[in-house]
Amino acid sequence: KGYVSMMIYPKYSQGWRPCYGLAFLTFLCNNDVLENLFALAGKHFSPLDCNKDIEIADCTTTFSSLWNTASIQNDEVVIPCGTCAVVDYTDGSTIKFKKGLNIQGKLFFPPTANVEIYTSHVFIMGVLEMDPPAAGNKVKFRFFGDTDQYLHPIDNNSHACDATQGCNMGKKPFAVAGGKLNIHGLADP
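Here is a short report on the structure shown in this document. Please read all numbers here as calculations on a predicted model, not as lab measurements.

Summing up its helical and strand segments, the chain has two helices and 17 strands in all. The proportion of buried residues among the 189 residues of the chain is 45%. Accessible area for the chain stands at about 10,200 Å²; split by element, carbon and sulfur atoms hold 52% of it.

Here you go:
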């Protein structure tokens, strides 16, 4: 299995510079983002108790059903803790998450997934897993927005942030807080 190193570069202006975040993600940061990262680094997140058997759970919930429900309610798309959802978009669609994507359970991208996700944030308190895409398929994340996004931890991590406000994750965050990012890279040609 290969390893993928992700570099996330939001649209930036003067004053942004490389800094290091959680897990193995590399960010460009300004002083405000650095303050948020250092404040978050002092928090203790652990795997969610409600996901005890998530690695062996059947992925029977479709991602499109969760997106349809959230888009009707104009709400954040949440993969509930203890639930495994499979990405069922195979036609290269662009799916917009007006209020972001919050993975508390597990979100699985099989090789058949072919989708672009356009969102204000991605929070991973559960598991995001991607298998290598089939020939011609790709999975792409794009971020929008200029307002800070707040993570509201659940279950055994509910103490990690302010109960009312949450943890300020900055603008356009891709954050792993007690969760797991499992991306299987492609083999060398």
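Next up on the list: the environment of Pro133. Note on placement: Pro133 falls in the loop between strand 12 (127–130) and strand 13 (139–143). Residue classification places Pro133 among the partly exposed positions, given a relative accessible area of 33%. The sequence separation of Pro133 and Gly185 amounts to 52 residues, and the corresponding C-alpha distance is 9.0 Å. Leave out the neighbours within four places in its chain, and Pro133 touches Pro111, Lys138 and Leu186.

Attention now moves to the sheet that holds strand 6 (residues 84–86). Sheet architecture is open: five strands sit in the order 4-6-9-12-17, paired in parallel fashion. The open sheet has two free edges, formed respectively by strand 4 (61–62) and strand 17 (180–183), since each of these has just one partner strand.

Definitions and limits used
- Residues numbered from 1 in each chain as written.
- Predicted model: local features only at pLDDT ≥ 70, side-chain atom pairs only at ≥ 80, totals over all residues.
- Heavy atoms only, no water.
- Helix = DSSP H or I, 4+ residues; strand = E, 2+ residues; numbered from the N terminus.
- Buried < 20%, exposed > 50% of the residue type's maximum accessible area, 1.4 Å probe, protein only.
- Areas by Shrake-Rupley, 256 points an atom, 1.4 Å probe, with all protein chains shown as cover.
- Contact = heavy atoms within 4.5 Å.
- Pairing = 2+ DSSP bridges.

What is shown is where atoms sit, not what they do.
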